[in-house]
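Overview (structure and organization)
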4 protein chains.
Amino acid sequence: MSNTLGVAVVGAGYWGPNLARNFQHSEHWRLEAICDLDLGRAQALASRVGSPRVTPSLDDVLADPAIDAIAVATPARTHYDIAMAAIAAGKNVLVEKPLADTAERGRAMVQAADAAGVTLMIDHTFCYTQAVLKTHDLIEAGELGEILYIDSVRINLGLVQPDVDVFWDLAPHDLSIMDFILPGGLAPLAVTATGADPLDTGRACVGYLSMNLPGGAVGHAHVNWLSPTKIRQFVVGGSRKTLVWDDLNPQQRISVYDRGVDLAAKTLEERTRVNVSYRIGDTWSPALKEREALTGMVEEFAAAIREGRRPRTDGDAGLRVLSVLEAARASLASGRAHVPELVGEPA
Amino acid sequence: MSNTLGVAVVGAGYWGPNLARNFQHSEHWRLEAICDLDLGRAQALASRVGSPRVTPSLDDVLADPAIDAIAVATPARTHYDIAMAAIAAGKNVLVEKPLADTAERGRAMVQAADAAGVTLMIDHTFCYTQAVLKTHDLIEAGELGEILYIDSVRINLGLVQPDVDVFWDLAPHDLSIMDFILPGGLAPLAVTATGADPLDTGRACVGYLSMNLPGGAVGHAHVNWLSPTKIRQFVVGGSRKTLVWDDLNPQQRISVYDRGVDLAAKTLEERTRVNVSYRIGDTWSPALKEREALTGMVEEFAAAIREGRRPRTDGDAGLRVLSVLEAARASLASGRAHVPELVGEPA
Amino acid sequence: MSNTLGVAVVGAGYWGPNLARNFQHSEHWRLEAICDLDLGRAQALASRVGSPRVTPSLDDVLADPAIDAIAVATPARTHYDIAMAAIAAGKNVLVEKPLADTAERGRAMVQAADAAGVTLMIDHTFCYTQAVLKTHDLIEAGELGEILYIDSVRINLGLVQPDVDVFWDLAPHDLSIMDFILPGGLAPLAVTATGADPLDTGRACVGYLSMNLPGGAVGHAHVNWLSPTKIRQFVVGGSRKTLVWDDLNPQQRISVYDRGVDLAAKTLEERTRVNVSYRIGDTWSPALKEREALTGMVEEFAAAIREGRRPRTDGDAGLRVLSVLEAARASLASGRAHVPELVGEPA
Amino acid sequence: MSNTLGVAVVGAGYWGPNLARNFQHSEHWRLEAICDLDLGRAQALASRVGSPRVTPSLDDVLADPAIDAIAVATPARTHYDIAMAAIAAGKNVLVEKPLADTAERGRAMVQAADAAGVTLMIDHTFCYTQAVLKTHDLIEAGELGEILYIDSVRINLGLVQPDVDVFWDLAPHDLSIMDFILPGGLAPLAVTATGADPLDTGRACVGYLSMNLPGGAVGHAHVNWLSPTKIRQFVVGGSRKTLVWDDLNPQQRISVYDRGVDLAAKTLEERTRVNVSYRIGDTWSPALKEREALTGMVEEFAAAIREGRRPRTDGDAGLRVLSVLEAARASLASGRAHVPELVGEPA
């Protein structure tokens, strides 16, 4: 008992059960409570995850000394109030994406957590998949060289969401991954979004998001609810090698291509004068362990609390993603590129 | 003899040999001459295509009464002068893409051809592939319903071109296809381009091009010289069905998906209130004939001349593509959406 | 209650839980008991499927008047004794594949069930997948024409089984599917098997099974535990069309090719004298419903009992598959083709 | 001139032009003559390959001292007479596959060439592709470990040949590759073939060929003229790694899987008692040069002649393939496994 941390899951809707199940099975955690205004829903969930107590009251949870942390899986507009109350009560907080409904509120959450000395973590689940962890490590080890472009395609036939457009529904995945693997995090100089609502649903159903990144690189995401074919492809083009992650190919999820444009011994002048040559090398596909992403995520949450350090996906990461989404919204409205508000020091 | 038309190919460089070979094998044409300032190159080509006469002089070609038409396969900046001279001499003209180096000059070419009563055709080769012809016919027959979005990806490891960026090198293919299949041609309300030159080559090597189309639809092209994997995928999302053309899958080049978001009997209000459902129907892949695109292209050139009608890819088509490329260049420079100059009545 | 049938699952090991779960969720069944000599295992299963009673005693189950049927998921060598006892007690019986450990015992089971007037069904699960049901229906409707060949590949990196070779482990799937879709069932004239045990494990790990079918057709299965790539491909070549089922391609599981060798208006003499031509037509991929195979299987078991008819996968089907496996074993031992013992009238 | 060898191509039909073109472009050869009874056909070919002289007379060719070698691209039944005459005249001989129409005649050709001290080479073209050369080298370097199984699938919609069945039409490719990469060449202990002629064409159109190889390994080829889908897949399963060659995937033709059943530190008894575990390692795809296979083949022919050594695909290689084809024919006829006649010492 003394070696575990106590946690309450707040929100027993779509994602809460996944969190609860992973906390229950983790050796680092004790799942103490399920909190939901809908007590029946809380009960139903509790019965499947070892029967922690259920309560409709957040205050009740926050007053419980056995609870070290809460995991917030409620609608985005409620994140701010819940997280601020928890921080004020000295609890560590894990928040579902997006961090908050506005960057301003998100920023206040980060500052409050820092001031209170508690851990604020964002559940960027994809960052804990084996594919993204491997991509991160390869980039950090310099295997790909300098990042030249990142291109993500995330399309399929999806339900048109009642409250958000396709950018806010799908792009947080792409942006959180880019933020995780880019050295220094995602800090675009400009964001340009174009979208289409050809069915007159009142929100973009097809979206393209371009980001000018420092150093002349570019990031791009194509998100689409109307595609009859499902594609999940994420390409990181580097100056040395290029990595392609095809999430629908379980037999070869990640491929690293030793191919690229060859600039060795070329001056800038030569590059613009003559054709740049290219080389075709081997392809390598690393074996990936089989491990559920959320298992690693809740483990990281515990480790960050115990070690008093920032988690790998901290509040700032959530804030950077939120800033890009806001800039995309502004770009959609204005028809021009927007500069995301600075987030402070990128991690 | 009296049933065939005489043609001279001007320019014996990269593309001229393909034109010459197809004119030579066509029952509609007599290949009369190869014209190139580099006589050795002209000679070498002539020896492989039935030994028509060779000449370095355009005037010589234009003075020859046996020559009904010229096919211009020279650099883009020379198209205007050559075409205008030919039109003045009463010759029909086929021009390689792009039509000219500026939309203004292209417009003058179209007007001159109209005034002179000669045929001006643009060699949008892809429009004569079986895949594009089939796509065109399916759209025209209403099989796909209303067009909602068009998404084209044309990426591979390509040589960085010395004189043009990746938009001018690759996007004409995507744009010419969109122009061909869209009822009324390609007439975007706004064009937004973002590009990246992460290798400091002096020109964009990765490019994204978004077009807001009439009726709320969107067109998008991703063109990229730096991708280690080759992708040629063109998706036409319709309100009834969606067509996917995968040019690298010869066993199933075109797939028509009877899948989509279902709006039957839904009012606008309902659509925004509730989730839109979707349906999963059969997939169908039409058999395509095996036929070289250029064979059909030179056949269409002959037919248009004889019937005194516009060819399927006429000067206006070339001009529309050119206008979008110019708008893309302006968008790249300004960081905002641009409206292409109107081309007059779309075909 | 009066509208449902009572069932006991005998055997709570690998497959029993799947049966129990499907009986529990079926509107046609009441899951009355779990029977396993290992009571702890029975208990653990029962707690997950609505807590039916548990018992280590088959006699106990067979004496229960609330139990109309038993589902036998125990090792193959025990099937005969359990099924014969159940039949003697007037119970309907569902047996896991293979029907028994010898064809002789299987034949006795079929005869006993017939004599007792109870239903004997074999759990050929794959036959209740949407892909196989659709294949069956297309063949029955004459869409493929006459069957010319069936080729099945079922390979991946699999655990070497301690008690059976790769034929007995994997080929029952292929054979049961062939039996289900072939008009008249699987009744080969000769069976030839070749296998390899290159790791000296004491049993074949790579196997090839050829069957000469009536009318000159051929069936073939490649089963392999040592393949690093996973392939599940099943081809039915017909005189009109050919169907390819790729179970690892969820986006296009079944493709029907309107391609084939064209024999129209050709006499036998002409065929042997000149090259046979072929035609390339469209490809069609029918949409398949999403439905778990076992759901349909337990439904069929209930329907067969109620209607007093043979189930779609009856004891004879199990017996035909068993006969081919025995012939394959004999062929492996002798190095020559074997004729399976006749099963009586194919269904 | 003194550095090149003179060659005549005998037979200007289907394959002769490919040989002639490659001899013409090789720096090691002078293409001296085209020999064909159909002089018009010979003429037409000569005009495309630098206009060597043409002749209908083999004697004429064999009497020419400028001719060091002949390349025989005539029907298989004529190989023996032509090759024997050429050997008698002291010429080196390249023969198209199959080496001869019977193994007996093939054996006589090998002996005659050895006795005369001239080079006899078989044109197993596939062995000179980059994919097969790389596979050979990886096996030779021990990268795959001991060969456990080889599985080749070569199927598509093909024309039914008037004179040979699908085994003699397609399997020589698979067998020649196996012969090339297997240390010691292809020397099966037994050959089992099953075929089907469901269209009553008078010859097998679907064929399966199994070979028991020394050491418990197995080789298998599936050849099929009736498949609507084209597959060219060649798998070499080794005790250390497994290689998959997918000839229709130009982006990743060869993949080497570091996956397999793990037998480390396992005794035979343990293997049969417990499940063998397996490991999943990385996948690696070597880059392959772009080079036409025939270019390397004619180079090897020249090198073997000059160095007075056996070519990589010598007469014995052709003889081993021929022996397997004969054993397959016998197996088809008898319905049982056949042992190919020994070829003498495998290379």
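The shown structure was predicted, so the numbers you read here are calculated from the model rather than taken from an experiment. (Residues numbered from 1 in each chain as written. Chains lettered and ligands numbered in written order. Predicted model: local features only at pLDDT ≥ 70, side-chain atom pairs only at ≥ 80, totals over all residues. Heavy atoms only, no water.)

**Considering the overall build of chain A**
In plain terms, the rule: Helix and strand assignments come from DSSP, with helices taken as H or I runs of at least 4 residues and strands as E runs of at least 2, each series counted from the N terminus. What the globule rule says is 2.2 Å times the number of residues to the power 0.38, and the radius of gyration is computed from C-alpha atoms. Under the scheme applied here, a residue whose accessible area is under 20% of the maximum for its type counts as buried, over 50% as exposed, and between as partly exposed, the area being computed with a 1.4 Å probe on protein chains only. The contact criterion used throughout is that any non-hydrogen atoms of two residues lie within 4.5 Å. Computed with a 1.4 Å probe, the accessible areas rest on the Shrake-Rupley method; for each residue, only the protein chains presented here act as cover.
When you go through chain A residue by residue, the secondary structure sums to 10 helices and 14 strands. For 347 residues, the compact-globule estimate of 2.2 N^0.38 gives 20 Å, and the C-alpha radius of gyration of chain A, at 21 Å, lies within 12% of that figure. The principal-axis extent of the C-alpha atoms belonging to chain A is close to 70 × 45 × 40 Å. Residue burial in chain A is summarised as follows: out of 347 residues, 59% are buried. The long-range fraction of contacts in chain A, counting pairs at least 24 apart against all pairs at least 6 apart in sequence, stands at 67%. Here chain A displays about 13,300 Å² of accessible surface, and carbon together with sulfur accounts for 51% of that area.

**Side note on the interface of chain A and chain B**
Note the cut-off: Computed with a 1.4 Å rolling probe, the buried area is the accessible surface lost when two parts are put together, summed over both parts. Salt bridge, as used here, is a side-chain nitrogen of Lys or Arg placed within 4 Å of a carboxyl oxygen of Asp or Glu. Any residue outside Ala, Val, Leu, Ile, Met, Phe, Trp, Tyr, Cys, Pro, Asp, Glu, Lys and Arg is labelled polar, Gly included; the first ten of those are nonpolar and the last four are charged.
Taken together, the contacts link 59 residues of chain A with 59 residues of chain B. For the chain A and chain B pair, buried surface summed over both sides reaches about 4,700 Å², with 63% attributable to carbon and sulfur atoms. Counting every contact that joins chain A to chain B gives zero salt bridges. By residue number, the principal contributor to the side of chain A that touches chain B is strand 11 (residues 226-238) of chain A, which donates six residues. Across the side of chain A that touches chain B, the residue classes break down as 27 nonpolar, 23 polar and nine charged.

**With respect to the interface of chain B and chain C**
What counts here: Within 3.5 Å is the distance limit for a polar contact, defined as a pair of N or O atoms, with the added protein rule that one can donate a hydrogen and the other accept it, and that residues adjacent in sequence qualify only through two side-chain atoms.
Contacts between the two partners involve 11 residues from chain B, matched on the other side by 11 residues from chain C. Of the roughly 930 Å² buried at the junction of chain B and chain C (both faces included), carbon and sulfur atoms supply 34%. Counting the surface chain B buries against chain C, the share from its top three residues, Asp282(B), Thr283(B) and Ala287(B), is 40%. The interface formed by chain B and chain C contains nine residue pairs in polar contact (both at pLDDT 80 or more). Sorting elements by how many residues they give to the side of chain B that touches chain C places strand 14 (residues 277-285) of chain B first, with six residues. Its residues placed into classes, the side of chain B that touches chain C shows four nonpolar, five polar and two charged.

**What about the confidence of the model for chain A?**
Residue and element names in this part refer to chain A. Which entries qualify depends on this criterion: For every residue, the pLDDT score states the predictor's confidence, bounded by 0 at the bottom and 100 at the top.
Overall, the predicted model of chain A reaches an average pLDDT of 90, with 93% of residues at or above 70. For the stretch residues 268-275, pLDDT sits under 50, and the model shows 19 contacts to residues farther than four places along the chain or on other chains. pLDDT under 50 marks residues 343-347. Its contacts with residues more than four places away, or in other chains, come to nine contacts. In the predicted complex, the global pTM is 0.88; the interface-specific ipTM is 0.86.

**Some words on the environment of Ile305(D)**
Residues and elements named next belong to chain D. Checked against the element boundaries, isoleucine 305 lands in helix 9 (residues 293-307). Under the relative-accessibility criterion, isoleucine 305 is labelled buried at 16%. Residues isoleucine 305 and proline 228, spaced 77 residues apart in sequence, show a C-alpha to C-alpha distance of 43 Å. Residues contacting isoleucine 305, with those up to four places away along its chain left out, are Leu5, Trp29, Ala69, Asn92 and Thr119.

**Observations regarding the relation of the copies chain A and chain B**
Note the cut-off: All copies are superposed by least squares; the fitting set is the C-alpha atoms of residues with a pLDDT of at least 70 in both.
Its rotation angle being 180 degrees, the transformation that places chain A on chain B also includes 0.0 Å of axial translation and leaves an RMSD of 0.1 Å. This pairing of chains is accounted for by a two-fold axis. Minimal C-alpha separation from the rotation axis in chain A is found for Arg336(A), amounting to 2.1 Å. In this assembly the copies share their binding face: 100% of the residues contributing to the interface of chain A also contribute to that of chain B.

**Thoughts on the pattern of salt bridges**
Evaluated as defined, the whole model comprises 64 salt bridges over all chains. A salt bridge links Arg309(C) to Glu300(C), with the shortest nitrogen-to-oxygen separation between them at 2.8 Å. Accessibility expressed as a relative area gives 30% for Arg309(C), which makes it partly exposed. The buried category is assigned to Glu300(C), whose relative accessible area is 9%. Across the salt bridge formed by Asp64(D) and Arg53(D), the nearest N and O atoms sit 2.7 Å from each other. Linking Asp64(D) in the loop between helix 3 (58-62) and strand 4 (69-72) with Arg53(D) in strand 3 (residues 53-55), this pair joins segments that are 11 residues apart in sequence. On the basis of relative accessibility, which here comes to 12%, the residue Asp64(D) falls in the buried class.

**Describing the environment of Pro98(B)**
All names here are of chain B. Positionally, proline 98 belongs in the loop between strand 5 (92-96) and helix 5 (103-116). Once the C-alpha coordinates of proline 98 and isoleucine 122 are considered, the two residues, 24 residues apart in sequence, prove to be 8.0 Å apart. Setting aside anything within four residues of it in sequence, one finds proline 98 in contact with Ala76, His79, Ile122 and Leu322.

**A look at the domain arrangement of chain A**
All names here are of chain A. Threshold: Domain extents, as shown, originate in an automatic or database domain assignment.
The domains assigned to chain A are domain 1 (5-124 + 293-313) and domain 2 (127-288 + 323-334). Spacing between the C-alpha centres of domain 1 and domain 2 amounts to 30 Å. In this assembly, 13 residues from domain 1 lie in contact with 15 residues from domain 2. Interface of domain 1 and domain 2: buried area, both sides summed, is about 1,100 Å²; carbon and sulfur atoms make up 61% of it. A per-residue breakdown of the area domain 1 buries against domain 2 is headed by Lys97, His124 and Arg312, which together make up 50% of the total. For the pair domain 1 and domain 2, the interface holds zero salt bridges.

**Some details on the pairing of strand 5 (residues 92-96) of chain D**
Residue and element names in this part refer to chain D. Short version of the rule: Being paired, for any two strands, means DSSP has found at least two bridges between them. Classification remark: right-handed applies to a crossover when, strands pointing away from the viewer, the course from the first strand over the helix to the second runs clockwise.
Buried residues dominate strand 5, accounting for five of its five residues. A two-sided burial pattern is seen for strand 5, the buried positions comprising Asn92, Leu94 and Glu96 on one face and Val93 and Val95 on the other. The pairing of strand 4 with strand 5 spans four bridges and is parallel. By the bridge assignment for strand 5, valine 72 is matched with valine 95. Regarding the hand of the β-α-β motif, the stretch spanning strand 4, helix 4 (residues 79-88) and strand 5 is right-handed. Direction of pairing for strand 5 relative to strand 6 (residues 120-123): parallel, over a ladder of four bridges. Each bridged residue has a counterpart across the sheet, and for valine 93 the counterpart in strand 6 is leucine 120. Tracing the backbone out of strand 5, into helix 5 (residues 103-116) and back to the parallel element strand 6 gives a crossover that is right-handed.

**Thoughts on the sheet that holds strand 5 of chain B**
Residues and elements named next belong to chain B. Rules: Interaxial angle, 0 to 180 degrees, is taken between N-to-C directions of lines fitted to C-alpha atoms, where a helix line uses only the stretch in contact.
Spatially, the six strands line up as an open sheet ordered 3-2-1-4-5-6, and their pairing is parallel. At either end of the open sheet lies a strand with only one pairing partner, and these are strand 3 (53-55) and strand 6 (120-123). Between one strand axis and the next, the sheet turns through 25 degrees on average, direction left out of account. Against the sheet, helix 2 (residues 39-48) contacts strand 2 (29-35) and strand 3, and its axis sits at roughly 165 degrees relative to strand 3.

**Focus: the pairing of strand 12 (residues 242-246) of chain D**
Residues and elements named next belong to chain D. The element strand 12 is extensively covered by neighbouring structure, given that four of its five residues are classed as buried. Pairing analysis gives five bridges linking strand 11 (residues 226-238) to strand 12, with the strands arranged antiparallel. Within the sheet, the bridge partner assigned to phenylalanine 234 lies in strand 12 and is tryptophan 245. As consecutive antiparallel partners, strand 11 and strand 12 are separated by three residues.

**Here we look at the side chain of Ser285(D)**
Mapped onto the elements of the fold, Ser285(D) is located in strand 14 (residues 277-285). A polar side-chain atom of Ser285(D) sits 2.8 Å from the main-chain carbonyl oxygen of Ile254(D). The contact partners of Ser285(D), leaving out residues within four places of it in the chain, are Asp282(A), Thr283(A), Gln252(D) and Ile254(D).

**Points about the UniProt feature "domain: Gfo/Idh/MocA-like oxidoreductase N-terminal" (unreviewed entry) in chain A**
Selection rule: UniProt positions are given in the numbering used here, feature names are shortened, and annotations may be inferred rather than shown by experiment.
The feature "domain: Gfo/Idh/MocA-like oxidoreductase N-terminal" (unreviewed entry), as given by UniProt, occupies residues 6-124 of chain A in the numbering adopted here. Secondary structure across residues 6-124 of chain A comprises 41% helix and 24% strand; the distance between its end C-alpha atoms is 21 Å.

**What about the sheet that holds strand 1 (residues 5-10) of chain D?**
Residue and element names in this part refer to chain D. Taken together, the six strands give an open sheet; going across it, the order is 3-2-1-4-5-6, and neighbouring strands pair in parallel fashion. Bordering the open sheet on either side are strand 3 and strand 6, each of which pairs with just one other strand. Each strand of the sheet is rotated relative to its neighbour by a mean of 25 degrees, with strand direction disregarded.

**So, the packing of helix 5 (residues 103-116) of chain A against helix 10 (residues 315-334) of chain A**
All names here are of chain A. Cut-off, in case you're wondering: Note on terminology: angles under 35 degrees are roughly parallel, angles over 145 are roughly antiparallel, angles of 65 to 115 are roughly perpendicular, and the others are oblique.
It is at 9 Å that the axes of helix 5 and helix 10 come closest, and there the two elements cross at 170 degrees. Relative to helix 10, the element helix 5 lies roughly antiparallel. Residues Ala103, Gly106, Arg107 and Val110 of helix 5 lie in contact with helix 10, whose contacting residues are Gly315, Asp316, Leu319, Leu322, Ser323 and Glu326. For the contact of helix 5 with helix 10, a count of residues per class yields four nonpolar, three polar and three charged.

**As for the relation of the copies chain B and chain C**
To go from the first copy of the chain to the second, apply a rotation about an axis and then a shift along the same axis. With an RMSD of 0.0 Å, the fit of chain B onto chain C corresponds to turning through 180 degrees and sliding 0.0 Å along the axis. In this assembly the copies share their binding face: 100% of the residues contributing to the interface of chain B also contribute to that of chain C.

**Brief notes about helix 10 (residues 315-334) of chain D**
All names here are of chain D. Selection criterion: Here a helix's expected span is defined as the number of its residues, less one, multiplied by 1.5 Å.
Helix length check: helix 10, at 20 residues, gives a terminal C-alpha distance of 28 Å against a target of 28 Å (1.5 Å per residue), a fit within 8%. For helix 10, the tally of buried residues reaches 14 of 20 residues, placing the bulk of the element in the interior. By the N-cap criterion, in which a side-chain oxygen at the helix start approaches the backbone nitrogen of a residue two or three places on, helix 10 is capped by aspartate 314, the distance to aspartate 316 being 3.2 Å. Following helix 10 by one or two positions, glycine 335 adopts a phi angle in the positive range, close to 75 degrees.

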